[in-house]
Each structure stands twice: as structure tokens, then as C-alpha cells.
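Secondary and tertiary structure notes
Residues per chain are reported as follows:
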Amino acid sequence: MDATPFPNDRKQEQREAFRAEDPAGGPLTTDQGVEVDHTDDSLAVGERGPTLMEDFHFREKITRFDHERIPERVVHARGAGAYGYFEPYESCAEFTRAAFLQDPAVRTPVFVRFSTVQGPKGSADTVRDVRGFATKFYTSEGNYDLVGNNFPVFFIQDGIKFPDFVHAVKPEPHNDIPTGASAHDSLWDFVSLQPETLHAIMWLMSDRAIPRSYRMMQGFGVHTFRFVNAEGRGTFVKFHWKPRLGVHSLVWDEAQECQGRDPDFNRRDLWNAIEAGEYPEWELGVQLVPEEDEFAFDFDLLDATKIIPEEQVPVRPIGRMVLNRNPENFFAETEQVAFHTANVVPGIDFTNDPLLQARNFSYLDTQLIRLGGPNFSELPVNRPLAPVRNNQRDGYHQSTVHRGTNYFPNSLGGGCPAHAGVDGKAFTHYTERIDGAKIRRRSPSFQDHYSQAALFFHSMTDWEKQHIVQALRFELGKVDARAVRTRTVEELAKVDGELARQVARGIGVPDPSGTDPEPAYKLSSPALSQESLRGDGSIRTRQIAVLVADGVDAEQVTSVREVLAGEGAIVEALAATDGSVSGTDGKMHTVDRALPTVASVLYDAVLLPGGPTGTPSIISDPDAMRFVRDAYRHGKPVGALGSGVGVLSTLQPEGLRLSAEFHRVVADQGVVTDTSPGTASAEFVREFMTAIAAHRHWDRPPVRC
Ligand code: HDD
């Protein structure tokens with residue numbers, strides 16, 4: 001009997017092959033272009049004799065291999081990138097003269113690299129960490145780099161502390177442990193002694209630090225930058241990227257399991273979505289503050305550990321970015337891309353944020369060592385689309401053959417390249433008056449480290465607060481030095497007394513000693529909660545597992561699958577073994593994956609179809625039952641049809657409402673059940689889709705089995 005695939009249109013597209021480097025073909029050559037007839041044996045004296053130095057092909061091949069690696073980034077070593085475009089909604093001329101923010105008809109090409117910070121290049125994706133969100137705009141006026149993160153605040157206020165912070169969070173120097181984790185003594189020692197870290201630490205302990213997908217996280221420019229318009233008027237600006245699909249996260253237990261089941265979880269997700277034509281999209285928004293309001297806030301705009309609450313200054317959408325092309329070669333593009341905060345274009349300028357000022361030194365310096373010299377901007381991924389003309393010359397890996405004069409002023413070269421500026425297109429630095437003594441001192445306006453950490457915590461829903469407490473208990477529970485645990489709890493108490501007590505009780509240290517902070521801290525900004533960032537409510541690209549076995553009700557599977565796939569979800573049939581299963585329609589149906597090769601943590605939802613023999617097989621399969629239990633426990637939508645509801649009853653979820661004999665469709669906490677036989681009803685499918693769109697369901701009762 002032929003196996004009928006459950007319809008899964010996307011799969012074929014996802015399998016699109018790489019294009020060969022040289023579609024015309026042609027024989028193997030050396031780097032000098034000499035044709036090579038044999039690359040499988042080295043040149044030797046006789047068949048069993050020693051290898052000869054003279055074998056230039058062998059030596060060249062091995063030398064090139066020995067030199068394949070370049071130093072990985074000190075931070076943000078692990079990343080994934082993609083190309084796309086940015087288009088503004090309307091002209092922003094009132095605030096900035098940046099050419100790429102003027103005309104909605106002009107699309108500016110971009111390259112974006114997402115990353116984790118702590119782990120090395122080969123570490124897992126789903127660690128608890130900040131995610132980098134760096135965008136290179138190839139504008140008509142030169143490259144503009146917005147090198148941001150998925151948190152709007154940073155851990156330190158002055159860049160001179162960056163090596164201290166990074167040394168503290170990186171693996172410890174004596175044993176190089178842990179990889180890709182902040183749960184260790186040195187980070188928390190630093191945090192407990194450096195309270196300016198606390199606001200970013202609250203973000204790090206929240207679910208923002210374990211995104212479901214790069215496509216489902218916000219991005220922030222973090223610093224206050226400056227827009228400058230054609231008249232030279234400056235406006236303070238903070239940049240926000242908002243994902244169309246909403247902000248969604250993993251749960252910590254799941255994130256940890258993912259590290260083993262699929263260390264490439266986020267990278268694969270980005271790649272597959274783009275290959276499938278499901279192009280990730282973000283809206284760019286700005287918070288604008290007129291210069292005269294510089295001191296209108298109870299924090300300093302130059303302090304990168306502070307946000308401007310959206311309720312105070314709304315985010316104004318100015319354009320959208322779509323990523324629609326995967327790189328062709330990871331090393332050439334994603335690894336060699338070189339971002340630099342000082343890559344700005346006319347109309348965008350800096351402020352005196354001391355973190356930004358330090359970054360403006362660090363990024364160029366780091367590329368010089370990482371990419372082996374000053375000519376990295378000639379690499380295709382870094383090369384501007386705008387013409388480059390100057391007298392900068394030579395150096396390692398110079399690939400341009402310069403001609404003519406190499407100094408300015410000159411007459412022999414016709415005075416070229418001449419100063420720009422006659423037509424007002426050149427970059428001119430914003431004219432800012434600065435008066436002050438030369439000092440090494442933090443501004444008193446940077447001293448409040450607790451209010452906004454508290455603002456963040458108090459803006460969370462109950463489940464988000466609970467996850468923060470659990471994260472802190474996990475992280476501090478891995479700290480060996482008791483004094484560090486205690487000192488951190490004392491610091492947390494200055495954010496929120498109850499938070500500190502709950503953490504203290506989970507890690508075996510005394511309750512904090514002081515009194516709780518003043519209620520003035522109990523402000524809230526609803527825009528900070530993930531609850532307010534659900535996105536467009538679609539189920540596009542969600543991964544739905546359907547557990548099947550011989551005797552599965554094929555019509556139920558097909559009826560649900562077709563609708564879900566039609567809405568852009570990716571539906572896969574999983575069974576105990578690969579191959580096919582027999583359906584109640586008398587046909588064989590293709591299995592997409594064998595259960596032992598996957599896990600519930602790799603999916604967003606699970607469907608349990610019925611079937612007279614199918615359901616008992618699922619109940620007796622430990623892999624299948626673990627799959628369902630984990631999906632349930634991680635708050636994922638679960639749908640069950642006909643006898644498939646019996647799989648859920650076996651787990652005995654205390655008090656959860658399931659469809660029984662006289663019920664038709666019952667939806668409770670994202671568990672959608674329908675015991676009626678036959679094809680799934682439209683109501684079931686609708687409820688199941690609503691549950692999937694909501695992503696997670698937190699108030700579930702525990703299961704007994
Ligand atoms: Fe940084 C990389 C983001 C502070 C020094 N940083 C790097 C990347 C991102 C950020 C996204 C990876 C870029 C890529 O994909 O290649 N960094 C931030 C943000 C910060 C920040 C949002 C605070 C607001 N960084 C920061 C400071 C310093 C650096 C204060 C140093 C004084 N960052 C670097 C670096 C890296 C880097 C060492 C490593 C590799 C690279 O630059 O290209 O120069």
C-alpha cells in the first residue's frame with residue numbers, strides 16, 4: 001500500500017538546496033589557478049613511502065585548512081544573520097535628515113545579526129542571556145549600524161566597566177566553566193557589588209532572556225541617540241524594534257532541555273522561516289524627546305541603565321524591516337560582518353552617554369584584531385553601497401587596486417577626492433556646547449539604581465514575577481559563595497522586599513535585614529509586560545506536533561492539519577518509528593519524524609487525534625506520554641479529539657475541564673478537547689487556533705501521572 005503524506009506543503013520549500021559556488025562547473029584548481037588531477041593521496045616516494053615536501057597541492061590545502069578560523073568575538077560570539085530591507089512609513093524630515101528615513105518608496109537593504117553574549121561560537125542557542133540585535137543599513141549615504149540588544153537597558157553605565165562585567169559573566173578563569181550561563185559565582189559577586197546592574201539583571205531573570213525565536217523578540221538601540229534635521233536642530237531619540245509576531249518566550253525547563261535536543265534552536269528557526277517564505281518583520285519605532293526637555297525626567301537620559309517609560313513618551317512607529325534572504329556562506333557573511341556604533345550617517349548623531357562613547361572606540365578596535373587588519377570594510381558584507389573615495393591605503397588584505405595620488409590637498413590628481421559639503425550632504429557633527437572640568441567621576445544624576453529595577457518588576461504579571469523569582473533561585477542556587485547569595489538578596493530587597501524574601505527562602509539564606517522600600521517604587525509600566533506584546537495574533541510558523549500510531553483517525557488529522565497549515569503553521573506527524581502508519585481510512589500515512597528523534601520542547605503545541613487502536617498505542621508509548629506531559633507542563637496548547645482525549649485523562653490533570661460524553665468542545669487553560677467522533681468540528685479548530693495564538697497558558701493545574 002502506498003503511503004499518503006498528511007499534507008505538509010512547506011516542507012519541500014524548506015529543503016531548497018544551496019546553490020553551487022560555480023554553477024558553470026569546472027575542474028579543481030590550486031589557489032594559483034593550476035588544475036589539480038588528484039586530491040585524495042599525497043605525493044609520496046612509492047606507494048608506502050614518505051610524503052614529499054614538494055607536494056605543493058598538499059601543503060597549500062593543509063595550510064589553508066590550518067588557517068580557517070579567525071578569533072571569535074569576545075562577546076556575542078554565537079550568532080545568526082539574515083538580509084532584508086527597511087522602508088520608512090513616511091518622511092521623518094522634521095526630526096532627521098537621514099536619507100533612508102525620508103521616502104516610503106525607498107527600500108534600504110539591511111543585514112541583521114542576532115546573537116547570544118556569554119557563550120562561545122559553538123554554544124547552545126537557548127541559554128539565559130541577552131540577545132544581540134545588530135542591524136547594518138546599507139544607505140545611499142553610507143552604512144548606518146544600529147547595534148542593539150533585546151533588552152532596552154545595559155548592565156553598566158560607563159564603558160570603562162565593560163571588561164569587568166564581561167570577565168565576571170564569562171566562564172571563570174580557572175576552569176573555563178560555565179559555558180553560556182550566568183549562573184555562577186563571579187557574575188553574582190559582581191552584581192551584588194555593583195547595583196547599577198540591577199535593572200538589566202531583572203530583564204535577564206525574566207523570560208525576555210529565553211526567547212522562543214529571534215523573530216519573536218523586541219530590539220532596542222538602548223542609548224539615547226540624537227536625530228539632527230536639515231536645519232541642524234537636534235532631538236533625542238531612542239530606537240525600538242517591535243516584532244510583528246509578538247514577543248514570546250520559552251520556559252526555563254524547556255530552554256535547558258532544548259540546549260541538548262537542538263542547540264541550534266533559534267538559528268534553525270530563523271533559517272527555516274526565511275527559507276519557507278515566512279519573512280520575519282519588525283516595526284521600527286522611536287521615542288522622541290525635544291532637547292529642551294533633556295532634564296524633564298527623574299533619571300538621566302544619558303544613563304543606559306534607564307528606559308523612558310512608554311507611558312511617558314510613546315513609541316512612534318516610523319518604518320518596518322523585513323528579513324527575506326539567508327546568507328549563502330556563514331563565515332563570509334555572518335562571521336565576518338563588522339558592526340560599529342560609530343557607523344552613523346548624516347542626521348543621526350551621538351549623545352554623551354559614557355557607555356556609547358566607549359563603544360565608539362571599542363568596535364573599530366575589535367574588528368582590527370578579529371578581522372586581521374584595517375581593510376575589513378572591503379569584505380562584501382561590510383562594503384557600503386555608497387561609493388568610497390579617500391586616501392586610506394594598503395594594510396593587510398588590501399583588495400582594492402588604488403590608482404593616482406594618495407594625499408590631500410593635491411594638484412596632480414586634479415584635487416581628488418575633494419572635500420564634500422558644497423551640496424550639504426556631508427556628515428557634520430552636531431554642534432554641542434560643553435563646559436566642564438576634566439574629571440573621572442560618575443554624575444550624581446546616575447545614582448539611582450533601584451527605581452527602574454522596581455518599575456520593571458512591578459510591571460510584570462503574576463506569572464512573569466513568578467518566573468523571575470524562579471530564575472533568581474536557580475541562578476543564585478548555583479552560586480557556591482554564601483556571602484554572595486546573601487549580599488545579592490540584600491540588594492534585591494532594595495528593589496522589592498517580597499521578591500527578596502521569596503528568593504532568600506529558595507536559596508537557604510536569611511530574609512533580608514532592612515525594611516521594604518518606599519511604596520513610591522511601586523509604579524508600573526504595562527508596556528513592559530509580555531502580556532501587552534502578543535503581536536498580530538496569528539499562528540504563522542508555529543510548530544504543531546500530531547502524535548499518530550497505527551489505527552489513527554486519519555480524517556481527524558487531515559481536517560485539522562489542513563486548516564492549521566492554511567494559517568501558516570507547520571504541522572508534523574510524529575510516531576514511534578519513522579515510515580508510515582495505517583489510518584482508519586485504510587490507507588498508509590507518512591510519518592514526518594520518529595518520536596525518539598524529537599521532543600516536545602521543539603514544538604509549540606500538540607494534537608492528539610483519536611482512533612480505536614491509535615490511542616491505546618500512544619498511551620502505552622513512554623516517549624509519546626512524556627511528550628504530552630512536557631507540553632502540558634510547559635503551558636503549551638494541547639488539542640485532543642475523540643478517543644485522543646483519553647490520553648489526557650491518563651495524565652489526570654487535577655480539576656482541568658475536559659470534554660466528556662455530553663460535552664462537545666471544551667477549552668480550558670489552552671487544553672481543547674472534543675470527544676465527539678469523526679472529523680474535527682470548526683469550533684474545535686477555532687478554539688485550538690486561539691489557544692495556539694496565545695502561545696502559553698500559565699494557570700494549569702498539575703498532572704498526577
Ligand atoms: Fe557591544 C559586540 C550590543 C555595550 C564592546 N555588542 C556587540 C554585538 C552587539 C552588541 C549586538 C554583536 C554585534 C555582531 O553581531 O557582530 N554592546 C551592545 C549593546 C551595548 C553594548 C546593546 C550597550 C548598550 N559593547 C558594549 C560596550 C563595549 C562593547 C560598553 C565596550 C566598551 N561589543 C563590544 C565589542 C564587540 C561587541 C567587544 C564584540 C565583537 C564586536 O564588537 O564586533 O567591541
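Owing to the predicted nature of the structure, the values given are computational and were not obtained by experimental measurement.

1. Points about a nonpolar patch on the surface
- Together, Leu43, Val45 and Leu52 make up an exposed nonpolar region whose accessible area comes to about 220 Å².
- Relative to the helices and strands, leucine 43 is located in the loop between α1 (10–14) and α2 (56–66).

2. What about the domain arrangement of the protein?
- What the domain assignment lists for the protein is domain 1 (44–378), domain 2 (450–532) and domain 3 (543–693).
- Centre-to-centre, using C-alpha coordinates, domain 2 lies 39 Å away from domain 3.

3. Some thoughts on helix α4 (residues 185–193)
- Among the residues making up α4, those that are buried are Asp185, Leu187, Trp188, Phe190, Val191 and Ser192.
- As for α4, its buried residues are in contact with α3 (162–169), α5 (198–205), α11 (462–477) and α12 (482–493).

4. Focus on the pattern of salt bridges
- Evaluated as defined, the whole model comprises 39 salt bridges.
- Two residues, aspartate 125 and arginine 78, come together in a salt bridge whose shortest N-O distance is 2.6 Å. A residue pair is termed long-range when its members are at least 10 positions apart, and aspartate 125 in the loop between β3 (108–116) and β4 (131–139) and arginine 78 in the loop between α2 and β2 (79–88) qualify at 47 residues. Each member of the pair, aspartate 125 as well as arginine 78, is classed as buried.
- We note a salt bridge from arginine 244 to aspartate 536, for which the minimum N-O separation is 2.9 Å. Here the residue arginine 244 occupies a position in the loop between β8 (234–243) and α6 (252–261), and aspartate 536 occupies one in the loop between α13 (497–507) and β12 (543–547), the gap between them amounting to 292 residues.
- For arginine 244, a relative accessible area of 31% gives the class partly exposed.

5. So, the site of the ligand
- The environment of the ligand is made up of 22 residues, and the closest members are Arg73, Arg113, Arg359, Tyr363 and Gln367.
- The contact in question runs from an oxygen atom of the ligand to an N or O atom on the side chain of arginine 113, over 2.7 Å.
- Residue glutamine 367 places a side-chain N or O atom 2.8 Å away from an oxygen atom belonging to the ligand.
- Of all the secondary-structure elements, those providing two or more residues to the shell around the ligand are β4, β5 (142–149) and α9 (354–370).
- Looking at the shell around the ligand, the element that brings in the most residues is α9, giving seven residues.
- Considering only residue class, the shell around the ligand consists of 10 nonpolar, nine polar and three charged.

6. Some thoughts on the pairing of β3
- Taken across its nine residues, β3 has eight buried, putting it largely inside the fold.
- Relative to β3, β2 runs antiparallel, the two sharing eight bridges. Paired with tyrosine 85 across the two strands is proline 109, which belongs to β3.
- Here seven bridges tie β3 to β4, and the two strands are oriented antiparallel to one another. The partner of valine 112 across the bridge, within β4, is threonine 135.

7. With respect to the environment of arginine 629
- Position of arginine 629 relative to the elements: it lies in helix α16 (residues 622–633).
- Taking the C-alpha atoms as reference, arginine 629 lies 14 Å from leucine 602; in sequence the two are 27 residues apart.

8. A word on the side chain of aspartate 300
- On the secondary structure map, aspartate 300 appears in the loop between β9 (281–290) and β10 (316–325).
- Side-chain polar atoms of aspartate 300 contact the side chain of serine 445, separated by 2.6 Å.
- For aspartate 300, the contacting residues outside a window of four places in its chain are Ser443, Ser445 and Phe446.

9. Description of the packing of α5 against helix α10 (residues 451–458)
- Direction vectors running N to C along α5 and α10 enclose 20 degrees, while the axes themselves pass 7 Å from each other. The angle between α5 and α10 falls in the class roughly parallel. Residues Leu198, His199, Met202 and Trp203 of α5 form the contact with α10, whose own contacting residues are Gln452, Ala453, Phe456 and Phe457.
- Of the residues in the contact of α5 with α10, the class split is six nonpolar, two polar and no charged.

The rules behind the values
- Residues numbered from 1 in each chain as written.
- Predicted model: local features only at pLDDT ≥ 70, side-chain atom pairs only at ≥ 80, totals over all residues.
- Heavy atoms only, no water.
- Patch = residues over 30% accessible without salt bridge, like charges linked within 9 Å, V, L, I, M, F, W, Y side chains within 5 Å.
- Areas by Shrake-Rupley, 256 points an atom, 1.4 Å probe, with all protein chains shown as cover.
- Salt bridge = Lys/Arg side-chain N within 4 Å of Asp/Glu carboxyl O.
- Helix = DSSP H or I, 4+ residues; strand = E, 2+ residues; numbered from the N terminus.
- Domains from an automatic or database assignment.
- Buried < 20%, exposed > 50% of the residue type's maximum accessible area, 1.4 Å probe, protein only.
- Contact = heavy atoms within 4.5 Å.
- Near = heavy atom within 4 Å.
- Polar contact = N/O pair within 3.5 Å; in protein donor to acceptor, adjacent residues only side chain to side chain.
- Nonpolar A, V, L, I, M, F, W, Y, C, P; charged D, E, K, R; others polar.
- Pairing = 2+ DSSP bridges.
- Axes fitted to C-alpha atoms, helices over the stretch in contact; angles between N-to-C directions.
- Parallel < 35°, antiparallel > 145°, perpendicular 65-115°, else oblique.

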